[in-house]
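Results of the structural survey
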Amino acid sequence: MTQTFLSSRRRQVVLSSLAAAALGAAGGTAFGQTPARVLRVGHQKGWLSILKGRGTLEKRLAPLGVKVTWTEFNAGPVQLEALNVGAIDFGDVGEAPPIFAQAAGAPLVYAGATVPRPALEAVIVPKDSPIRSVADLKGKRVAYNKGSNVQYFLVKLLEKNGLKYGDVQSIFLAPADARAAFEKGAVDAWIIWDPFLAAAQKTLDARLLVDATGVVNNRAYYFTSRDYATRNADVLRIAIEEVNAIDTWASKNQGAAAAELTTVLGLDRSITDLYLSRAKFGTAPVTREIIAEQQSIADTFFELKLIPKKLNLLHAAPVDLGA
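Let me sum up the structure you'll find in this document. Values in this document were obtained by computation on a predicted structure and should not be read as measured data.

**Things to note about the nonpolar core**
The biggest cluster of nonpolar side chains holds 67 residues, and the ones touching the most others in it are Ile99, Tyr110, Leu137 and Phe301. If you tally residues by element for this core, the top one is helix α6 (residues 149-160), at six residues. In contact with Ile99, other than residues within four places in its own chain, are Tyr110, Gln294, Ile297, Ala298, Phe301, Ile307, Leu311 and Leu313. Among the nonpolar cores identified, the runner-up in size contains 36 residues, and Leu51, Leu57, Val109 and Ala111 belong to it.

See the structure below:
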């Protein structure tokens, strides 16, 4: 997924249309009537897609008079733009996009976070590559998505192994372009996340050099807006509980989860099986410790001049921030 907070004219038109439609769904009532509450969910193909198919969120929220609507997006940053223009209330995203969104002034609040999932991102090299250790990356061409969670992983990985960020040749490429470059031998290594990682291992015979275990946590996040969090804490609590219920089911039924996720993602079953074999499951409210993790990412991105100003991540913390 790209990690830039984009704002093209065409996208603004689309997002404005979404916002208008969402406003109609949420509050287009006659004068004097109390508008029904609504939870407008933006999601990428994945676990929220499975939650949508279950219909359990709608059942939980129905007694509260809350309607649920769903809009699918192809990347986290676009979801965050939709939040910024008031088109959605809740969505899923990786570590990095919220940092860029907050730097751009989006009123986001972290609503929930997964458990650490460091094995879901890694450095891979061609099967017969002479690169055998992190130290061997010095001077090599390393492909990855600029401003992403894997860029943060690279910085911390090099630091842990006594290298500097400038010791490698960074080749900034989105996943599809990076895969093509990796396959042609135009780069020496590729830093990528699942399910792209599993796909490269299964279809390109890539060798996993090192994953993020012991380096970074690689959580996923669920977000909302400050206004929505203030007015609908009960709705968000239930949403996170239902997301965690899907996680709990997947952890206990990995075969069934792999089958369902294979259909959602449109991947070969062997790829999904490999992806889920190293996944960790569990989603809960955000704590101060988790906010501190995001603060470290924000500070790193500021030092790399990827964002224009220092951020205080407490500005994106829930009102009822845990210990």
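There's more to say after this.
**A closer look at the packing of aromatic side chains**
Ring pairs (aromatic) are described by centroid distance and by the angle formed between their planes. By the definition in use, this model includes seven aromatic pairs. Plain terms: the ring middles of Tyr144 and Phe172 are 5.5 Å apart, the flat faces sit at 85° to each other, and that makes the pair edge-to-face. Pair noted here: Tyr144 is in strand β6 (residues 141-144) and Phe172 is in strand β7 (residues 169-172), with a separation of 28 residues, a long-range link. By relative accessible area, which is 0% here, Tyr144 ends up buried.

**A word on the environment of Gly162**
For Gly162, the position within the fold is in the loop between α6 and β7. In this structure the C-alpha to C-alpha distance between Gly162 and Val134, which are 28 residues apart in sequence, comes to 9.5 Å.

**Some points on the sheet that holds strand β8 (residues 189-193)**
A sheet is described by the order of its strands in space; here five strands give the open sequence β7-β6-β8-β5-β9, paired in mixed fashion. What marks the edges here is a single partner per strand, and that holds for β7 and β9 (207-211). Averaged over neighbouring strand pairs, the angle between their axes works out to 30° when direction is ignored. Where strand β5 (residues 121-125) meets β8, four bridges bridge the pair, whose relative direction is antiparallel. Across the sheet, residue Val123 finds its bridge partner in β8, namely Ile191. Relative to the sheet, helix α7 (residues 175-184) contacts β5, β6 and β8, its axis offset from that of β8 by approximately 145°. Helix-sheet contacts for helix α8 (residues 196-203) involve β5, β8 and β9, and the interaxial angle to β8 is about 130°.

**Details of the pattern of salt bridges**
Pairing between side chains becomes possible if they bear opposite charge and their charged atoms approach one another. Inspection of every chain in the model, using the stated rule, returns 15 salt bridges. Asp234 is the salt-bridge partner of Arg37, the closest N and O atoms lying 3.0 Å from each other. Note that Arg37 is positioned in strand β1 (residues 37-43) and Asp234 in helix α10 (residues 233-252), a separation of 197 residues in sequence. Look at Arg37 and you get partly exposed, because its relative accessible area is 26%. Across the pair Arg54 and Glu260 runs a salt bridge, and its minimum N-O distance is 2.7 Å. Here Glu260 lies in helix α11 (residues 254-265) and Arg54 lies in helix α2 (residues 47-54), a separation of 206 residues in the sequence. Owing to a relative accessible area of 30%, Arg54 belongs among the partly exposed residues under this scheme.

**What about the packing of helix α5 (residues 96-103) against helix α13 (residues 288-303)?**
Between α5 and α13, the least distance of the axes is 10 Å, while the angle of their chain directions is 65°. In terms of axis orientation, α5 runs roughly perpendicular to α13. Considering only the axes of α5 and α13, their crossing is right-handed. For the pair formed by α5 and α13, the contact residues are Ala96, Ile99 and Phe100 on the first element and Gln294, Ile297, Ala298 and Phe301 on the second. In terms of residue class, the contact of α5 with α13 is made up of six nonpolar, one polar and no charged.

**Focus: α7**
Turning to α7, its buried residues are Pro175, Ala178, Ala181 and Phe182. Burial along α7 is one-sided: seen end-on, the buried residues are contained in an arc of 125°. Exposed residues pointing more than 90 degrees away from the buried face of α7 are listed as Ala176, Glu183 and Lys184. Tucked into the core, α7 has its buried residues touching β5, β6, β8 and α8.

**A look at the sheet that holds β1**
Spatially, β2-β1-β3-β10-β4-β11 is the arrangement adopted by the six strands of the open sheet, whose pairing is mixed. Both edges of this open sheet fall to β2 (66-72) and β11 (283-284), since each of them pairs with a single strand only. With five bridges joining them, strand β4 (residues 108-114) and strand β10 (residues 221-225) adopt antiparallel strand pairing. Residue Gly112 lies in a different strand from β10, and its bridge partner there is Tyr222. This element, helix α4 (residues 76-84), spans β1, β3 (90-93), β4 and β10 of the sheet and lies at about 20° to β10.

**Things to note about unusual backbone geometry**
Cis geometry is found at the peptide bond from Asp194 to Pro195, where omega equals 10°. Positionally, Pro195 belongs in the loop between β8 and α8. One non-glycine residue, Asn218, adopts positive backbone phi at about 55°. Positionally, Asn218 belongs in the loop between β9 and β10. By relative accessible area, Asn218 is classed as buried at 3%. Non-glycine residue Lys305 carries a positive phi angle of around 65°.

Calculation rules
Residues numbered from 1 in each chain as written. Predicted model: local features only at pLDDT ≥ 70, side-chain atom pairs only at ≥ 80, totals over all residues. Heavy atoms only, no water. Core = buried A, V, L, I, M, F, W, Y, C linked by side-chain atoms within 4.5 Å. Buried < 20%, exposed > 50% of the residue type's maximum accessible area, 1.4 Å probe, protein only. Helix = DSSP H or I, 4+ residues; strand = E, 2+ residues; numbered from the N terminus. Contact = heavy atoms within 4.5 Å. Phe/Tyr/Trp six-rings, centres within 6.5 Å; stacked < 30°, edge-to-face > 60°. Pairing = 2+ DSSP bridges. Axes fitted to C-alpha atoms, helices over the stretch in contact; angles between N-to-C directions. Salt bridge = Lys/Arg side-chain N within 4 Å of Asp/Glu carboxyl O. Parallel < 35°, antiparallel > 145°, perpendicular 65-115°, else oblique. Left-handed = near helix turned anticlockwise from the far one by under 90°. Nonpolar A, V, L, I, M, F, W, Y, C, P; charged D, E, K, R; others polar. Arc of directions from axis to C-beta.

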